[in-house]
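Chain by chain, the residues run as shown.
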Amino acid sequence: MNGFLLWVFAIGPALLAEALLARYEVLAYGAGWRAPLTELPEGVPYARGAAPDSPPDAYLVYLDGIGKRRVRDSRDGGQLVKALIAGAPELRVLGQVQPYSPLADPLAERPVWAWLRRRIGLLLFLHNVMQIFVAADQRYRPLYNRAVGSQISTQLRLAGYQPDTGIPVVLLSYSGGAQVASGAVDELHTQLRSPLLLITLGGFHNGANDLTRAEHLHRLTSASDRIERVGTWIFPQRWRLFRGSAWNRAGRAGKITVHRLDPATHVGPRSYMSTTAQLPDGRSHLDRTADTVIALIRAHHSATVATDHP
């Protein structure tokens, strides 16, 4: 009973506050009350990896999970992005996009909420979880998709991307970032007219976003990933019964390929980004994840080059 009362009187109001704030941000964007931020903090580059003076093989945008709270950080301490840059120097990699802020406003940079979240750390996760459900809500989804799609487009342009060049844009998303990545497809296609490749890692999304303009979606998953599995249960659009959903239409069109990363878990010491969990071949889970992502991008690039130059 005491635990229940704690939930009702402490966690309950926090959830309500975060739900209201999450909706406020997307509505503020839609009403034009606030302009999305575009500049990065001093010393933070718009992209890393391949030099900007020659076209890279692809631009990779990493959309992190709910632990994302500022430009520099990621849930895994930036290990996956670093591994991708080291393993694929032909890519230009962007890791600064704020997937849980339609206004591109880093959570940790907001003074009042930063003060509160330092004392009630759970609020950070509640905020970003609520943003996922706002992004999935059919009432707000089109506006949220346009906001974050525009944010990604802006960051790509600042990183040197030129529309109509045919250089692929890869959206690599972890956990709830998959909801944002799938929602950004139409806006990115409209603004940049770029080939789009999606790679989800333990993707948590509702399956309602149209993937028609994406060339392909690679789903990296594991039988031990319980959080991703919850997403396939709670969102009806992911159920096979709903054949008309965007997710199921994409599956029937052959646009979705599943890749197993067993026995990785969603989080924890055996997660996809673990540097300590070892595979039989001696690689860490992080090594395998990075190798898999790089191999998929290179295969896509090779196929594109072969098509363009028969």
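Below, the structure is looked at part by part.

**Some points on the pattern of salt bridges**
Scanning the model with the defined rule gives seven salt bridges in all. The residue Glu90 makes a salt bridge to Arg298 at a minimum N-O spacing of 2.7 Å. Of this pair, Glu90 sits in the loop between helix H2 (79-87) and strand E3 (91-94) while Arg298 is found in helix H10 (residues 285-308), placing the two residues 208 residues apart along the sequence. A relative accessible area of 38% places Arg298 in the partly exposed class. Across the pair Asp137 and Arg139 runs a salt bridge, and its minimum N-O distance is 2.7 Å. Using a relative accessible area of 16% as the deciding quantity, one classes Asp137 as buried.

**A short note on the packing of aromatic side chains**
As enumerated under the stated definition, the model contains three aromatic pairs in all. Look at Phe204 and Phe235: their rings are 5.6 Å apart centre to centre, the planes differ by 70°, and that puts the pair in the edge-to-face class. Residue Phe204 is located in the loop between strand E5 (196-201) and strand E6 (216-221), and its partner Phe235 is located in the loop between helix H8 (226-234) and helix H9 (246-252); the two are separated by 31 residues in the primary sequence. The exposure classification of Phe204 matches that of Phe235, with both residues buried. The aromatic ring of Trp247 is capped on one face by Arg238, whose charged end is 4.7 Å from the ring centroid.

**Side note on the pairing of E3**
Every second residue of E3 is oriented toward a common face, with Leu91 and Val93 on one face and Arg92 and Leu94 on the other, all of them buried. Bridge count for strand E1 (residues 48-49) against E3 is two bridges, and the pairing is antiparallel. Counted as the bridge partner of Arg48 is Val93 from E3. In this structure, strand E2 (residues 58-63) lies alongside E3, joined through four bridges in parallel fashion. Across the sheet, residue Leu60 finds its bridge partner in E3, namely Val93.

**Digging into the nonpolar core**
One finds Val61, Tyr144, Ile152, Leu156, Leu171, Leu188 and Leu198 to be the most contacted residues of the largest nonpolar core, which totals 43 residues. The leading source of residues in this core is helix H5 (residues 141-158), at six residues. Here Leu171 is in contact with Val61, Ile152, Ala181, Leu188, Leu197, Leu198 and Ile199, once residues within four sequence places are set aside. Ranked by size, the runner-up nonpolar core spans 26 residues in total, among them Ala58, Leu60, Val81 and Val93.

**Quick notes on the packing of H5 against helix H7 (residues 185-192)**
Each pair of packed helices can be summarised by the angle the axes make with each other and by the distance between the axes. As a packed pair, H5 and H7 sit with axes 8 Å apart at the nearest point and diverge in direction by 45°. As summarised for this structure, H5 and H7 are arranged oblique, according to the angle between their axes. In this structure, H5 meets H7 at a crossing whose hand is right-handed. Across the interface between the two elements, Asn145, Arg146, Gly149, Ser150, Ile152, Ser153, Leu156 and Arg157 of H5 pack against Glu187, Leu188, Gln191 and Leu192 of H7. Its residues placed into classes, the contact of H5 with H7 shows four nonpolar, five polar and three charged.

**Some thoughts on H2**
Residues of H2 that are buried include every one of Leu80, Val81 and Leu84, and no others. Along H2, the residues classed as buried sweep out an arc of 100° about the axis, all on the same side.

**Brief notes about the side chain of Ser222**
The topology assignment puts Ser222 in the loop between E6 and H8. Here Asp262 takes part through its side chain, which lies 3.1 Å from a polar atom of the side chain of Ser222. For Ser222, the side chain forms a polar contact with the main-chain oxygen of Ala264, separated by 2.6 Å. Residues in contact with Ser222, not counting those within four places in the same chain, are Arg260, Leu261, Asp262, Pro263, Ala264 and Tyr272.

**Structural notes on the sheet that holds E1**
Read across the sheet, seven strands follow the order E1-E3-E2-E4-E5-E6-E7 without closing on themselves; strand pairing throughout is mixed. Of all strands in the sheet, those bounded by a partner on one side alone are E1 and strand E7 (256-260). Bridge count between strand E4 (residues 169-174) and E5: six bridges; the pairing is parallel. By the bridge assignment for E5, Val170 is matched with Leu197.

**Brief notes about a nonpolar patch on the surface**
Residues Phe133, Val230, Trp233 and Ile234 make up a contiguous nonpolar surface patch of about 380 Å² in total accessible area. Broken down by element, the nonpolar patch gets its largest block of residues, three residues, from H8. With respect to the secondary-structure elements, Phe133 resides in helix H4 (residues 122-136). For Phe133, a relative accessible area of 37% translates into the label partly exposed.

**Some words on the environment of Gly177**
Relative to the elements of secondary structure, Gly177 occurs in helix H6 (residues 177-183). Once the C-alpha coordinates of Gly177 and Tyr100 are considered, the two residues, 77 residues apart in sequence, prove to be 8.3 Å apart. Residues contacting Gly177, with those up to four places away along its chain left out, are Leu63, Asp64 and Tyr100.

What counts, and where the lines are drawn
Residues numbered from 1 in each chain as written. Predicted model: local features only at pLDDT ≥ 70, side-chain atom pairs only at ≥ 80, totals over all residues. Heavy atoms only, no water. Salt bridge = Lys/Arg side-chain N within 4 Å of Asp/Glu carboxyl O. Helix = DSSP H or I, 4+ residues; strand = E, 2+ residues; numbered from the N terminus. Buried < 20%, exposed > 50% of the residue type's maximum accessible area, 1.4 Å probe, protein only. Phe/Tyr/Trp six-rings, centres within 6.5 Å; stacked < 30°, edge-to-face > 60°. Lys NZ or Arg CZ within 6 Å of the ring centre and 35° of its normal. Pairing = 2+ DSSP bridges. Core = buried A, V, L, I, M, F, W, Y, C linked by side-chain atoms within 4.5 Å. Contact = heavy atoms within 4.5 Å. Axes fitted to C-alpha atoms, helices over the stretch in contact; angles between N-to-C directions. Parallel < 35°, antiparallel > 145°, perpendicular 65-115°, else oblique. Left-handed = near helix turned anticlockwise from the far one by under 90°. Nonpolar A, V, L, I, M, F, W, Y, C, P; charged D, E, K, R; others polar. Arc of directions from axis to C-beta. Polar contact = N/O pair within 3.5 Å; in protein donor to acceptor, adjacent residues only side chain to side chain. Patch = residues over 30% accessible without salt bridge, like charges linked within 9 Å, V, L, I, M, F, W, Y side chains within 5 Å. Areas by Shrake-Rupley, 256 points an atom, 1.4 Å probe, with all protein chains shown as cover.

Nothing here speaks to function; it is all geometry.
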